[in-house]
Amino acid sequence: MASLTIRKLDDAIKSYLRLRSAKNGRSVEEEVRVILREYCEGSPAPTASLTLPSTPAERPAVQRTGPAIGQASVTLIIGGGIAAFKSLELIRRLKERHIDVRCVLTKAAQQFVTPLSASALSHERVYTDLFDPGSEFDAGHIRLARECDLIVVAPATADLMAKMAQGHADDLASAILLAANRPILLAPAMNPLMWNNAATRRNVLQLRRDGIHMIGPSAGEMAESNEAGVGRMSEAIEIAAAAVDILRPPRPRPLAGKRVLITAGPTHEAIDPVRYIANRSSGKQGFAIAAAAQAAGADVTLVSGPVELRDPPGVTVIRVESARDMLHRVEAALPADIAIFAAAVADWRVAHEGEQKLKKTSAGMPPLQLVENPDILATISKLQDKRPPLVIGFAAETEQLIHNAKAKIARKGCDWIVANDVSPETGVMGGDRNTVHLLTRDDDNKIRVDSWPVMTKEQVAAELVAKIAKTMEKKS
Ligand code: CTP
């Protein structure tokens, strides 16, 4: 099989890939894989949009929105740890987002990366010494602390965090942190034992109370052999995204004060202690809606069946197994202003779940009698007192999409239905994209169908949340 070296591609293609991957939060290699997959699955090849934006105004909004992004500058303090090598990538990620970066290296950091490499990537002088006559004659540490929009510390070592928590200022990095009047983002990285040590726990708590932002650490293998646990520094792309979030002007929060309840994922219906009935739902669409509603300011509870997705930040996630568990947890989470039922709930379960693993016997196949599961959407839609003012269902169909979705909206008694074709050839179940049709009721209760173009599940979520916000505004 031939291999592809991204470094050797045309500059225009590389720039396009960098922009696209940064926008989608993927590595360039992952982005190439997604493009190839989409192409093979029949989506139009991306050549139409290959023309690079020529003026800053034409560049994607995410990179240029608001005064902070576009003119922002970051003082990046690189602490001494093996994760310091990732900070070099972080410089690139920040610069891709049009953020100027000035680096400060602690003495220990210089054991891992050189000032020269940080300077080559940032195109700026690198600062290392509190007593550098070249910069300290005019209080350079104060300028580094104040002449920026954000200070990022990556890796934030246990020692740097302890110094910050105690207010020490005996080197350039700690002096900058003490003199700062700008937001500070820490990306901690250390051995799991150090992270879990009572002293570090106290320092983390103190720093959080002091209003310091933190990203990570995450769990994984350590550089030390045979060690694993929580302590790995977040990836450069995640730190850059967190920095952009802090720098970006506050987003509108049209769902502030609203409670949103969402179901997502499949359910597993046990046959015996080791077997279950399931379906191919990945939960991605429901999780994306939860994240979008949270970003719009809502208080979000997500009741999810078994999926391999991370909890969206700021969302209360309740993990369940079966349809009956899901119904109980949904009922317990009421009242809500908006309920969105994106879960692919199993319609049936076995009438008598085996207490022990079912065995093959000479008597032949075990009889599996099925009984119907409760319909969560219909149950909540038909509540008298606690019915949320806006109830939205999904319709997963493989034929006669609109016809079946119309029947479903009437049968279930919900207000809207998001209908999607889940036939295997669409790749919707488990995939990253969705083509949906939104069925709503107009003022005289007639059903209106809006067909949306193919979008990522995140885009579908954002559109749906925007539509919900508009409707809620009208209602109030
Ligand atoms: N739903 C639910 N509880 C169930 C079955 C479905 O809450 N036991 C919800 C889904 O979350 C979705 C909507 O009902 O919002 C429609 O689900 P779908 O799987 O499309 O349809 P079903 O109701 O299962 O009907 P059918 O299998 O006949 O298409």
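Residues numbered from 1 in each chain as written. Predicted model: local features only at pLDDT ≥ 70, side-chain atom pairs only at ≥ 80, totals over all residues.

**Regarding helix H9 (residues 158–166)**
The line we're drawing: Exposure criterion: with C-beta atoms placed from backbone coordinates, a residue whose C-beta has 20 or more other C-beta atoms within 10 Å is buried, one with 12 or fewer is exposed, and one in between is partly exposed. Every helix listed is a DSSP run of H or I at least four residues long, and every strand listed is a run of E at least two residues long, numbered separately from the N terminus. Two residues form a contact once the distance between their C-beta atoms, set from the backbone, is within 7 Å.
Among all positions of H9, only Ala158, Leu160, Met161, Lys163 and Met164 are buried. Where H9 is buried, its residues contact strand S3 (150–156), helix H10 (172–179), strand S4 (184–188), helix H11 (192–196) and helix H12 (198–209).

**Let's talk about the nonpolar core**
Filter applied, for reference: For this analysis, nonpolar core means a set of buried Ala, Val, Leu, Ile, Met, Phe, Trp, Tyr and Cys residues linked through C-beta atoms within 7 Å.
Grouped together as the largest cluster of nonpolar side chains are 59 residues, with contacts concentrated most on Val260, Ile262, Ile289, Ala293 and Ile417. Among the elements that take part in this core, helix H14 (residues 284–295) stands out by supplying eight residues, more than any other. In this structure, Ile289 is in contact with Ile262, Ile340, Ala342, Ala461, Leu464 and Val465, ignoring residues within four places of it in sequence.

**Concerning the site of the ligand**
Selection rule: A residue counts as near a molecule or strand when its C-beta atom, positioned from the backbone, falls within 6 Å of it. Each residue receives one of three labels: charged for Asp, Glu, Lys and Arg, nonpolar for Ala, Val, Leu, Ile, Met, Phe, Trp, Tyr, Cys and Pro, and polar for the others, Gly being one of them.
The environment of the ligand is formed by 16 residues, the closest being Phe341, Val345, Ile376, Leu377 and Gly393. When residues of the shell around the ligand are assigned to their parent elements, the largest contribution, four residues, is made by strand S16 (residues 390–397). The residue makeup of the shell around the ligand, split by class, is 10 nonpolar, three polar and three charged.

**A short note on the sheet that holds S4**
Heads up, the condition is: Any two strands are treated as partners once DSSP identifies two or more bridges connecting them. All axes here are fitted lines through C-alpha atoms, helices being fitted over the stretch that makes contact, and every angle between N-to-C directions spans 0 to 180 degrees.
Strands sit in the order S2-S1-S3-S4-S5 across an open sheet of five strands; the sheet is parallel. Looking along the sheet, the strands with just one partner apiece sit at the ends: strand S2 (100–105) and strand S5 (213–214). Alignment of strand S1 (residues 73–78) against S3, held across four bridges, turns out to be parallel. Residue pairing in the sheet places Val74 in a bridge with Leu150 of S3. The sheet contacts of helix H6 (residues 115–122) involve S1 and S2, and relative to S2 the element is tilted by about 175°.

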